[in-house]
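# Notes for the structure review
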Amino acid sequence: MAQAEPTPGSGSATGTIYDLGYQAYEGPRRGRGYALWSLYVLSVRNAFGIGRGALPKAMAFTLLLFAHALAIVQLILGAVLPVDEFEFVTPEDYYGLIQFILVLFVAAIASDLVGNDRRTNTLSLYFSRPIERDDYALAKIAALCSSLLALTVLPQLLMFAGNALGASDGLDWVRDNADELPRIVASGALLCLAFGSLGILIASYAERRAFAMISVIAIFLVSFTVVGVVVSEIDNEQMRWAIFFSPLHVVDGSTQYIFDSLPEIHADSRRGEPSDQVAWADFPGYVWPIATFAFAVVASALVVRRYRGSV
Amino acid sequence: MASEAARVEVQNVSRWYGDVVAVNDISFTLEPGITGLLGPNGAGKSTLLHMISGFLRPSVGVISVLGATAWRNPEMFRRVGLVPERESVYSFLGARAFAEASARLHGLPDPEDAARRAIARVELEDAQDRAMGGYSKGMRQRAKIAAALVHDPEVLVLDEPFNGTDPRQRLQLMEMLRRMAAEGCTILFSSHILEEVERLAENVLVIVNGRLAASGDFRQIRRLMTDRPHTFELRTSDNRALAAALVGLPHVSAVELTDSRLDVRTTDFGAFTAAIAAAVRDSGVTLQQLRPADESLESVFSYLVGS
Amino acid sequence: MTLTLLSLTAHQLLGRRRAILIALLALIPVGVALLIRFAGDTGDGPAYETATDTIVGFVFLLLLPIGALVFGTSALGSEVEDGTVVYLLAHPIARWRVVVVKAVVASAATILLTAPAALLTAVIILGGFDEESLWWAATVATVVGSVVYSTLFVGLSTVTSRALIIGLIYVFVWEAFITNLFSGTRWVSVREYVEGTANALTPVESVTGKLDGQEAAIASVVVVAASLIVGTWFLTRFEIGERA
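## With respect to the overall build of chain B
Looking only at helices and strands, chain B features ten helices and 14 strands. By the burial criterion, 52% of the 307 residues in chain B qualify as buried. Of the roughly 13,400 Å² that chain B leaves accessible, carbon and sulfur atoms contribute 47%. Of the side-chain charges in chain B, 34 are positive and 39 negative, and the distance between the mean point of each set is 3 Å.

See below:
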């Protein structure tokens, strides 16, 4: 195919462009959806360090292990102790107990997912490909959210399966507790959506990876602590609105509502556990899952906006 | 074995990262004067310079600088200056403050004066008090060199020192380095640009794929490689006639006539230079010019890289 | 020499946007303290329990480790990351001196950030310098914690470039979880040194600690010394070059 052709239309015959046989790709293209899917899969793999060095793997799997630790303890106890209905951890409290680990995972992975592309300037490369800016933002959020499922719904299911096996009559146990399954999935999914999109949002605003990580942790934990202290120390009806500033409280409320286990309000609710504080705020229970979902929607919208505006 | 005079001595040094060999069994010594370390990107130049500056441990072999092992020996920087390749600088300092900080870290008795002299040497007085964050590449490069010079080192190691400098600055820096060399400083600099090495270095170390491919005076290196074709450019009163005569010689592999010139390729440098005079005389033409077309480092280099 | 090293490090640490944002974080406990003082139901007399909750919750568990993580891991770490550490190391300076100076600056920055926050929180909620000297206990414990955490993280940053994430896991998983579940690990939790120190300095009931004051002091000194030794060991063998 290689043959010399003089450039057409040039007056002087000194300049020549040679056809060296480079060809454009003429075959079928799989389009935007496939590109989006590829980016999503790549991001999920990145989250767990698959295809990367030993350190990212070690980080992700350490946190994964910690997130499973309570479920594993419950399994061991359930297997060793011949007590039916023995619950070291209850499913509705599981996410609350591991929330620090979840926040840490969100911080580490979110800063990795969006920070690396920014730091290595691959972001502009992505945007010069058939990936729309919105796709990029949504793929990253989806990747973090679904990675989070491995730390939330997975240990819960593991615990469910273990409890069933440990019960004297497994089938009976499953029949009695079958309603837990949709609750585990629904509450876990809501949590992942809210945490994932908030994490990506915060990380997308930080210039450096380290700072992104710290910011995610600081915002989740500081809001949690501020709201906790303010609600318990200040006797004021209006303080119940403060709870909406703490994603950890709101998500906890959502989980408790879905498991139908919001605590009763009593005199010391205000100074009690986060779940008690949520109950004290005395909003109709369905407010919490809606608020959780609203966090996810608003945060995702802001992330999309963020990437429309910058390279 | 270590000779007392050698300022830098590299003995059978190798360095590998995992199973990638970056530097492979290199030995050489450096005396006062300017030595250019030449090689394509990824040849192992930086790794070698980092080892000489004591920032990398040789996997095998010994490097001594001014008589002491380089690895884990920060004391050697009393007499050694280093200009690293990376462009990053303390962006909040000006060049003078940077040089002065360097002088203080060296514990010099009069850091202000040392900094002033170093800045003057690299001719950066105009910008010396502006923060380096706003410097051009060439200015940063000169600021880094100034900081490395404050203590008048006996050995100066520079990693790609001319990156980002404009031609005038380059000439000025080269002049400065020549002066330092004349005062007895041992200077080793790396570059992948032949013209720089050719113009500045008395000695060359050519490193290709982690191995020392050649060392010494580059013209000498060139002559040593007799098995490689050389090209001569000739201008004569009758190029065509001489071409006819030369084609018959056994060591001439190609003859090319251009408008005003005759290019002759030979496989034997010595035999050709011996035979050319007779060939000119016998064919009755007048020789106006005879010069080797590729007596430049570039050809040596591309030959080595290609092999 | 040491002074130059100090001022260079201080400049690098404090001249950045992140230092300002971190400083804003320090205002939060003070703000909460003001809110509690003037809107809270603390009743008569000093509200020791409220003050303790706020100081422990904000300063000991959040501000202190986060501040020390940021300053400790970036005192040396950010220089390594952007490559300017070469200029420092290409001087005839003993490596232990570099590590010590970095630790001192990081500690000072963390103290500057956290100690006033601890003191102000205590003084505001308790309405002055209380007789049970909770203000004193909180401030001293914060200073101790600043030094131990910061030095620990400076040491860690000589070992790995991932010091920040490892430090985060240490603080928010190990200290928050493991030490809570298994009190045998109290010796390897800086948080326990801080709380032990505070507990030893005030008779206030709500201030608790798993270690007594003497144990906390000994553990603190050991951790600081070990961090400096480990940091020096790794910095003398620190390699700069292209990584394969």
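## Considering the nonpolar core
Ranked by internal contacts, the top residues of the largest apolar core, which has 249 residues, are F195(A), I52(B), V65(B) and L177(B). Not counting the four nearest positions on each side in its chain, F195(A) is found in contact with L102(A), V103(A), V106(A), L148(A), F220(A), L248(A) and V251(A). In this structure, A243(B), I276(B), A279(B) and V285(B) belong to the second largest nonpolar core, which totals 14 residues.

## Describing the sheet that holds strand β11 (residues 230–236) of chain B
Two modes of strand pairing occur in sheets, parallel and antiparallel, and in both the strands are linked by backbone hydrogen bonds. Residue and element names in this part refer to chain B. Spatial ordering of the open sheet is given by β12-β13-β11-β14, a layout of four strands whose pairing is antiparallel. A single partner strand is all that each edge strand has here, and the edge strands are β12 (252–257) and β14 (287–292). Put simply, the sheet's adjacent strands are angled 20 degrees from each other on average, direction ignored. Note: β12 against strand β13 (residues 262–266), five bridges, orientation antiparallel. Among the inter-strand pairings, V255 is bridged to a residue of β13, identified as V264. On the sheet, helix α8 (residues 239–247) packs against β11, β12 and β13 and is oriented at approximately 165 degrees with respect to β12.

## So, the arrangement of the chains
For the two pairs of chains in contact, the maximum contact count is reached by chains B and C. Nothing in chain A touches chain B, and the closest approach of their C-alpha atoms is 13 Å.

## Things to note about the packing of aromatic side chains
Taken as a whole, this structure holds 25 aromatic pairs over all chains when the rule is applied. Plain terms: the ring middles of F283(A) and W288(A) are 5.9 Å apart, the flat faces sit at 85 degrees to each other, and that makes the pair edge-to-face. Overall, W288(A) belongs to the buried group, its relative accessible area being 1%. Ring plane angle 55 degrees and centroid distance 6.0 Å describe the contact between Y90(B) and Y87(C), whose orientation is recorded as tilted. Placement of Y90(B) in the loop between β6 (80–83) and α2 (95–105) and of Y87(C) in helix α4 (residues 85–89) is noted, with the two residues assigned to different chains. For the pair shown, Y90(B) and Y87(C) are each scored as buried. Through a chain of ring-to-ring contacts, three or more aromatic side chains come together here, namely Y126(A), F127(A), Y136(A) and Y307(A). Looking at R306(A), its charged tip hangs above the ring of Y205(A), at a distance of 4.5 Å from the centre. Cation over ring: R237(C) sits above W233(C), and NZ or CZ is 3.9 Å from the ring centre.

## What about the domain arrangement of chain B?
Think of interface size as the accessible area that goes away when the parts come together; that is how it is often given. As far as domains go, chain B holds domain 1 (8–224) and domain 2 (227–306). Taking only C-alpha atoms into account, the centre of domain 1 of chain B sits 39 Å from that of domain 2 of chain B.

## A short note on the interface of chain A and chain C
At the interface, 32 residues of chain A touch 35 residues of chain C. Buried surface at the junction of chain A and chain C, summed over both partners, amounts to about 3,000 Å²; 78% is from carbon and sulfur atoms. Considering only the surface of chain A that becomes buried against chain C, F211(A), I214(A) and E233(A) emerge as the three largest contributors, covering 20% of it. Applying the counting rule to chain A against chain C returns one salt bridge. A salt bridge links R208(A) to E81(C); its shortest N-O distance comes to 3.4 Å. Where chain A meets chain C, there are two residue pairs in polar contact (both at pLDDT 80 or more). Of all the elements in the fold, those that place two or more residues in the side of chain A that touches chain C are α2 (54–80), α4 (99–119) and α9 (209–233) of chain A. Considering each element in turn, the side of chain A that touches chain C owes the most residues, 14 residues, to α9(A). Residue composition of the side of chain A that touches chain C, by class: 23 nonpolar, one polar and eight charged.

## Quick notes on the confidence of the model for chain C
Averaged over every residue, the pLDDT of chain C is 91; the share at 70 or more is 96%. Interface confidence for the predicted complex, expressed as ipTM, amounts to 0.88; the pTM equals 0.85.

What counts, and where the lines are drawn
Residues numbered from 1 in each chain as written. Chains lettered and ligands numbered in written order. Predicted model: local features only at pLDDT ≥ 70, side-chain atom pairs only at ≥ 80, totals over all residues. Heavy atoms only, no water. Helix = DSSP H or I, 4+ residues; strand = E, 2+ residues; numbered from the N terminus. Buried < 20%, exposed > 50% of the residue type's maximum accessible area, 1.4 Å probe, protein only. Areas by Shrake-Rupley, 256 points an atom, 1.4 Å probe, with all protein chains shown as cover. Lys, Arg positive; Asp, Glu negative; His and termini not counted. Charge placed at Lys NZ, Arg CZ, Asp CG, Glu CD. Core = buried A, V, L, I, M, F, W, Y, C linked by side-chain atoms within 4.5 Å. Contact = heavy atoms within 4.5 Å. Pairing = 2+ DSSP bridges. Axes fitted to C-alpha atoms, helices over the stretch in contact; angles between N-to-C directions. Phe/Tyr/Trp six-rings, centres within 6.5 Å; stacked < 30°, edge-to-face > 60°. Lys NZ or Arg CZ within 6 Å of the ring centre and 35° of its normal. Domains from an automatic or database assignment. Buried area = accessible area lost by both parts, 1.4 Å probe. Salt bridge = Lys/Arg side-chain N within 4 Å of Asp/Glu carboxyl O. Polar contact = N/O pair within 3.5 Å; in protein donor to acceptor, adjacent residues only side chain to side chain. Nonpolar A, V, L, I, M, F, W, Y, C, P; charged D, E, K, R; others polar. pLDDT = per-residue confidence, 0-100.

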